[in-house]
Amino acid sequence: MPEQPDPGLPYIGLMSGTSMDGIDAALVSFADHECDVLMASMFPYPEELRNDLMTASRQPANCTVDNIGQLDHRVAECFANAALHLMEKSNYSANSIVAIGSHGQTLRHQPRAPQPFTLQIGDPNIIAHRTGLTTVADFRRRDLAAGGEGAPLAPAFHQWLFSDDVRNRCVLNIGGIANVTMLLTDHDAALGFDTGPGNSLMDGWIRRHRDKPFDVNGAWAATGSINEPLLATMLDDPYFEQPPPKSTGFEYFDDTWVRSKIASLGDQQVSGNDVQATLAELTASTIATS
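Residues numbered from 1 in each chain as written. Predicted model: local features only at pLDDT ≥ 70, side-chain atom pairs only at ≥ 80, totals over all residues. Heavy atoms only, no water.

Colleague: Is there a simple way to explain helix α6 (residues 200–210) in this structure?
Modeller: Counting along an α-helix, one turn takes 3.6 residues, and residues three or four places apart therefore face a common direction. Listed as buried for α6 are Ser 200, Leu 201, Met 202, Asp 203, Trp 205 and Ile 206. Those residues of α6 that are buried are in contact with β8 (177–183), β9 (191–197), α7 (219–222), α9 (255–263) and α10 (272–289). In the segment just after α6, Asp 211 is the residue with positive phi, at about 55°. (Buried < 20%, exposed > 50% of the residue type's maximum accessible area, 1.4 Å probe, protein only. Helix = DSSP H or I, 4+ residues; strand = E, 2+ residues; numbered from the N terminus. Contact = heavy atoms within 4.5 Å.)

Colleague: I would appreciate a short explanation of the environment of Phe 193 in the present structure.
Modeller: Along the chain, Phe 193 turns up in strand β9. For Phe 193, a relative accessible area of 5% gives the class buried. Taking C-alpha positions, Phe 193 is 6.1 Å from Pro 244, a pair spaced 51 residues apart along the chain. Excluding residues that lie within four positions of it along the chain, Phe 193 makes contacts with Pro 152, Ala 178, Asn 179, Val 180, Pro 244, Pro 245, Lys 246 and Ser 290.

Colleague: What should I look at first to understand the packing of α6 against α9 in this one?
Modeller: Relative orientation and spacing of two packed helices are given, respectively, by the angle between their axes and the distance between those axes. Where α6 contacts α9, the two axes come as close as 9 Å, and the packing angle between them is 80°. By the angle between their axes, α6 is roughly perpendicular relative to α9. Of α9, the residues touching α6 (which contributes Leu 201, Trp 205 and Arg 208) are Asp 255, Trp 257, Val 258, Arg 259 and Ile 262. Among the residues forming the contact of α6 with α9, the class breakdown is five nonpolar, no polar and three charged. (Axes fitted to C-alpha atoms, helices over the stretch in contact; angles between N-to-C directions. Parallel < 35°, antiparallel > 145°, perpendicular 65-115°, else oblique. Nonpolar A, V, L, I, M, F, W, Y, C, P; charged D, E, K, R; others polar.)

Colleague: Honestly, the sheet that holds β8 in this entry has me stumped. Any pointers?
Modeller: In sheet architecture, strand pairing relies on hydrogen bonds along the backbone and comes in two forms, parallel and antiparallel. In spatial order, the strands read β7-β8-β9; together these three strands make up an open sheet with antiparallel pairing. The open sheet has two edge strands with one neighbour each: β7 (169–174) and β9. Adjacent strand axes in the sheet meet at a mean angle of 20°, parallel and antiparallel pairs treated alike. (Pairing = 2+ DSSP bridges.)

Colleague: Sorry, what's going on with unusual backbone geometry here?
Modeller: Leave glycine aside and you will find that most residues have negative phi; peptide bonds, for their part, are mostly trans. Looking along the chain, the bond that leaves Ala 151 and enters Pro 152 is cis, with omega of -10°. Mapped onto the elements of the fold, Pro 152 is located in the loop between α4 (141–145) and α5 (155–162). Look at the link from Pro 244 to Pro 245: it is a cis peptide, with omega at 5°. Mapping Pro 245 onto the fold places it in the loop between α8 (228–235) and α9. Even without a glycine there, the phi angle at Asp 138 is positive, about 60°.

Colleague: Would you take a moment to explain the side chain of Asn 273 for this structure?
Modeller: Inspection of the secondary structure puts Asn 273 in helix α10. At 2.7 Å, the side chain of Asn 273 forms a polar contact with the side chain of Ser 271. Other than its neighbours up to four places away in sequence, Asn 273 contacts Trp 220, Ala 221, Thr 223 and Gly 224. (Polar contact = N/O pair within 3.5 Å; in protein donor to acceptor, adjacent residues only side chain to side chain.)

Colleague: Please explain the side chain of Thr 283 as it appears in this structure.
Modeller: By the secondary structure assignment, Thr 283 is in helix α10. Overall, Thr 283 belongs to the buried group, its relative accessible area being 6%. Within polar-contact distance, the side chain of Thr 283 engages the backbone oxygen of Gly 198 at 2.7 Å.

Colleague: Is there a simple way to think about the pattern of salt bridges in this case?
Modeller: For side chains of opposite charge, pairing can occur when their charged atoms come near one another. One pass over the structure, following the stated rule, counts eight salt bridges. Among the ionic pairs, Arg 141 bridges to Asp 138, the shortest N-O distance being 2.9 Å. Take Asp 138: its relative accessible area is 38%, and that puts it in the partly exposed class. Through salt bridges that share partners, Arg 208, Asp 255 and Arg 259 make up one connected network. (Salt bridge = Lys/Arg side-chain N within 4 Å of Asp/Glu carboxyl O.)

Colleague: Help me out: how do you make sense of the packing of helix α1 (residues 47–58) against helix α2 (residues 65–90) in this one?
Modeller: α2 packs onto α1 with a crossing angle of 135° between their chain directions and a minimal axis gap of 11 Å. Our classification of the angle between α1 and α2 gives oblique. Of the two possible hands of crossing, α1 and α2 adopt the one that is left-handed. In contact with Glu 48, Leu 49, Asp 52, Leu 53 and Ala 56 of α1, α2 contributes Leu 71, Arg 74, Val 75 and Cys 78. Residues belonging to the contact of α1 with α2 are distributed by class as follows: six nonpolar, no polar and three charged. (Left-handed = near helix turned anticlockwise from the far one by under 90°.)

Colleague: Looking at this structure, how should I read the environment of Ala 219?
Modeller: You can see Ala 219 is positioned in helix α7. Of the residues examined, Ala 219 reaches a relative accessible area of 44% and is grouped as partly exposed. Distance in space between the C-alpha atoms of Ala 219 and Ala 189 is 40 Å, their sequence separation being 30 residues.

Colleague: Would you explain α9 in this entry?
Modeller: Residues of α9 that are buried: Trp 257, Val 258, Lys 261 and Ile 262. Down the axis of α9, the buried set is contained in an arc of 135°. They therefore lie on one face. On its buried face, α9 is in contact with α6, α8 and α10. The opening residue of α9, the one whose side-chain oxygen lies 3.2 Å from the backbone nitrogen of Thr 256, is Asp 254. (Arc of directions from axis to C-beta.)

In structure tokens:
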């Protein structure tokens with residue numbers, strides 16, 4: 001990371017991930033290899049917007065340019081509101097904050113397409129205008145242009161904050177997709193990659209079968225048992241054998257992927273809660289193996 005020109009002055013960071021449940025907003029300040037979180041909040045998306053985002057991202061063939069333009073504006077309004085609310089709660093005015101870093105909402109991520117691309121929406125012009133703050137956005141596409149995967153995004157920050165000359169360290173993030181940063185004493189650069197599904201497959205499965213957004217405390221999965229043949233066929237997916245750097249997303253690991261693995265078992269019946277338990281084990285197993 002570049003040297004911070006205004007030590008101690010705060011920045012706002014805005015992010016929404018694969019689960020598309022809302023916006024994480026944080027007010028932070030930086031010093032020499034230190035990051036101080038002054039305040040953080042999560043702002044849920046309105047239900048209608050979340051449903052529209054899920055439909056647009058999971059059914060891209062039915063998403064028009066007009067849909068994307070409207071969503072870009074609606075998401076930006078939510079991001080701006082999150083930043084303004086954080087400023088109000090923290091009693092920091094616009095003239096005391098350096099800038100906003102806004103990741104936006106990923107609508108599509110295809111790093112291995114014939115022409116690789118990644119698309120994050122949430123117009124930063126709207127955020128900048130409404131907050132009065134310099135807004136930095138569109139973080140991923142330069143990495144793709146340089147031949148990278150565009151994800152995960154945080155390893156450079158992890159290296160700046162957590163690297164150590166004596167101890168090897170690992171930073172794990174389990175979101176919709178799980179990713180890991182390896183900080184090794186014998187490597188100058190951080191190694192970061194997506195290990196595979198995080199909570200996205202479990203969220204999608206319980207949404208489909210129990211009409212719930214996620215499995216609170218893993219309660220439904222805990223009533224089931226791991227189906228070993230199903231787990232084996234899931235683990236046999238080529239993605240898990242690919243060497244890093246690599247990235248993935250809901251475009252690949254989705255409900256269709258889960259149903260295809262179940263179908264490969266033939267006539268064997270697998271209960272819904274057993275699938276949920278198996279998906280939890282898949283996440284844990286692929287993280288540990290990676």
